[in-house]
Structures are given as structure tokens and as C-alpha cells.
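Here is what each chain is made of, one letter per residue.
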Amino acid sequence: MSEILINSTKFKNNLDLIAEHIGDKDKLALVMKDNAYGHGLQEIATLACAYGIKNIFVKNESEALKIAHLFEHITVLYGRICNDSPLNIHVSINSMDNIHSLEPSRCVELKVNTGMNRNGIPREKLQTFIEEILLKKLVLFGVFAHNGYGDVSEQSFQDAQKVFSEVKEEVLYLAEKLSFKIPRFHSLSSSGTLRSDKIEDDLVRIGIAAYGYLSNTFDIPLSKKLTPIASLWADKICEQSLKKGSKIGYGGKTVLEKDTIISTYDIGYGDGLFRINGNKPSLKTAEGYIILPVTSMDCFSCESTLERVCVFDDATSIAKLFDTIPYEVLTSLSPFIKRSVI
Ligand SMILES: *Cc1c(COP(=O)(O)O)cnc(C)c1O
């Protein structure tokens, strides 16, 4: 049965490197949205809890409920939550509708648009939103932004940081004026954190770097020390001795040039491994076996007799082949594949 192995030592090493860079382990919050970037929410949450991580960000309430017992604060980035959800589950506020659906004493984190123009409230509306939050007797637990320029030029990155520092100042001013407790501030994800020498915020939201990757469009020395923690393994379904000229798979795209032993393995595009149609350069397993096109929904063939092959232990090459980023390769992995921590 196919399996994703999660290497706990590598995960810990990545967290150590990031924590050391930040200089304060308590500022390290992890992002576990989308099934912990495909690694398995339960498995990663258990490891993060053992490491001492206290603050988590997930996609929605359904993810939050699965791990709420393990952490002090879990913030849901999107969607609503039920009023009877545990009170350590906090809600991101992107609009007035978000506020109106909540009952008093729920902690909220207000998201401010600092230039990515994706989510978040306009900074000009900061006071209006905070007043509404206070009026509804919600707790303004955090104010945050998402710097979407972590791996591009210095200037755009700094511009967004500048806007966020102005947002902070305004919140501090309002806190005094309207007498509410100063919320926590955070704005950086992996790339922004690792390129910054000093972290001014109370928290950083680390996703991809914890899993061992960092885009290298912007040269960040630490990125070379991170190691991918997940490897994807496929088990043999059957083995066949085939004659020269035999065709393999749908449409017979692969034609054997000599007598060959071919085995089939139990991962396909239905498991989230992108479909290989033979129109791109070939993809090889970690052992170096070419995955023969065309791959099926539940299996692929290659010229191997091994009982088990490693489809990848680093998603970078698959990502390159499909003109995408490791994030997409990883989050595509089916939640039905077994995850095991080693
Ligand atoms: C996904 C996400 C992150 C983490 O980004 P990485 O690049 O994986 O570190 C941080 N903040 C928000 C709001 C996100 O959506």
C-alpha cells in the first residue's frame, strides 16, 4: 500500500534552524492549512506539539477542530466557525460579515491588506472594524497582514512591511484611545521571515520552510539547509516480463525497445501525483527509474523489480517538470494515502 513517510528528525532540524534564525522559539507559529501542506494534519500537529509549538494557522474550522486540543491558539484563515467551537479557535476577519456571525468573547484576528490586494480589510477602515469588533464584545487577539513579496525584490517587500508598521502604530494608538489590550502582530511567512535579519513582529507564520522547502528566486542562505521531510512511496502491484515492441498502458504510448521486466506500482493521478502523459521530459523515481507514460488513475509502470519505489523525496523536480511549485505538488497528495512518521 502506498505511503508517505514523514521524517521527524528532518522536521525537528528545520524547526531548529528557523527558530535559531528568529532568535525566539515562542515567535514560531506553524501553518498547517490544507492537511499540513499534504503531509497529514494529525501527524504534523503531533510532532509540532511535541516540539513545543503553541500557535497554529489552519485553513478552516474542520481542520482546527482536529487539532485544537494540542495547541494554545489555532487561527482559522478562512470561513466561519460554529459558536460552540472551542474558544482557543480564533477567526480571521476579512469583512464585516465575518464579525456579525460571531458571538461575544470569541478571539478574532483582523487581517489588513498591505498591498497584496488579495484578502484583508483596507487599512483606511482599521478604526471602523476595530470599533465594530469591540461593540460586538469580541476579543481583538491579533492584527495581521500577508506580505506577498517574500521572494521578490527588496523594494516591494519593504513597501509592504512599511505599510504594516504604520498599521501597527495606528492600532497602538487606537488601543490607548479605545482602551483595549494590544493585540499580537504578524505579517511574515517563510520567505519573508528567512530573509529578514530581525523580526519586529510578535509571531511569524511558517509554512513551507518547516516542510523543508523555500523558493529560491530570492537568495536566502538558510534555504539550502532546510530538508524536505516527506517522501512518497509506491508498492508493487505486479511484475511482467515483456517482449521488445510491447506497449504499456493506455493508448500504448510507451513501446519497449527491448525485452524488459516492467513492474506496476500503486500510485496514480487519483492519489494526487500529476498525470504523466509523455509530452514532457521524463520523470524519474528517487532510484532513477523512469515513470513510463501514460500514468493511470491508480498506478504507474516502470522498469524496476523493486517491491517498493520512492516516487519522490523532494518535490522540487516534479514541480519544475509541471511548471509549478512544491506547494502544489505537496498539497495535491490525496489525504487517503497512509502517512507514517519515522
Ligand atoms: C499559507 C500562508 C502562510 C505560510 O506561507 P509559507 O510560504 O508556506 O510559509 C502564511 N500566512 C498566510 C496567511 C498563509 O495563507
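Residues numbered from 1 in each chain as written. Predicted model: local features only at pLDDT ≥ 70, side-chain atom pairs only at ≥ 80, totals over all residues. Heavy atoms only, no water.

1. Describing the overall build of the chain
Within the chain, the regular secondary structure consists of 10 helices and 16 strands. In terms of principal-axis extent, the alpha carbons of the chain reach across some 80 × 45 × 35 Å. By the burial criterion, 52% of the 342 residues in the chain qualify as buried. Residue pairs in contact within the chain that sit at least 24 positions apart in sequence constitute 62% of those at least 6 positions apart. For the chain, the exposed area adds up to about 16000 Å²; of that, 52% sits on carbon and sulfur atoms. (Helix = DSSP H or I, 4+ residues; strand = E, 2+ residues; numbered from the N terminus. Buried < 20%, exposed > 50% of the residue type's maximum accessible area, 1.4 Å probe, protein only. Contact = heavy atoms within 4.5 Å. Areas by Shrake-Rupley, 256 points an atom, 1.4 Å probe, with all protein chains shown as cover.)

2. Focus on the environment of H21
Turning to its location among the elements, H21 is positioned in helix α1 (residues 8-22). In this view, H21 contacts T193, L194, S196 and L222; residues no more than four positions away in its chain are not counted. At 2.9 Å, the side chain of H21 and the backbone oxygen of S196 are in polar contact. (Polar contact = N/O pair within 3.5 Å; in protein donor to acceptor, adjacent residues only side chain to side chain.)

3. Considerations on the domain arrangement of the chain
Along its sequence, the chain is carved into domain 1 (7-225) and domain 2 (230-341). The centre of domain 1, based on its C-alpha atoms, is set 36 Å off from the matching centre of domain 2. In this complex, domain 1 contributes 11 residues to the contact, which on the side of domain 2 involves 12 residues. Overall, the association of domain 1 and domain 2 removes approximately 1100 Å² of surface from exposure, summing both partners, and the carbon and sulfur fraction of that is 67%. Taken together, domain 1 and domain 2 are joined by 0 salt bridges. There are 2 residue pairs in polar contact (both at pLDDT 80 or more) connecting domain 1 and domain 2. In terms of residue count, helix α2 (residues 33-37) provides more of the side of domain 1 that touches domain 2 than any other element does, 3 residues in total. When the residues that make up the side of domain 1 that touches domain 2 are grouped by side-chain class, the tally is 4 nonpolar, 5 polar and 2 charged. (Domains from an automatic or database assignment. Buried area = accessible area lost by both parts, 1.4 Å probe. Salt bridge = Lys/Arg side-chain N within 4 Å of Asp/Glu carboxyl O. Nonpolar A, V, L, I, M, F, W, Y, C, P; charged D, E, K, R; others polar.)

4. Points about the site of the ligand
By nearness alone, every residue bordering the ligand is listed as V31, K33, Y37, L77, H146, S189, S190, R205, I206, G207, I208 and Y327. A distance of 3.4 Å separates a nitrogen atom of the ligand from a polar side-chain atom of H146. Here S190 contributes a side-chain N or O atom positioned 2.5 Å from an oxygen atom of the ligand. Within the shell around the ligand, the residues separate by chemical class into 6 nonpolar, 4 polar and 2 charged. (Near = heavy atom within 4 Å.)

5. Notes on the nonpolar core
One finds L30, M32 and L110 to be the most contacted residues of the largest nonpolar core, which totals 100 residues. No other element matches the 7 residues that helix α7 (residues 154-178) contributes to this core. Residue contributions to this core reach at least three from each of two domains, namely domain 1 (7-225) and domain 2 (230-341). Ignoring sequence-local partners within four residues, the contact set of L110 consists of I93, I121, L126, F129, I130, I133, L140, G142, V143 and F144. (Core = buried A, V, L, I, M, F, W, Y, C linked by side-chain atoms within 4.5 Å.)

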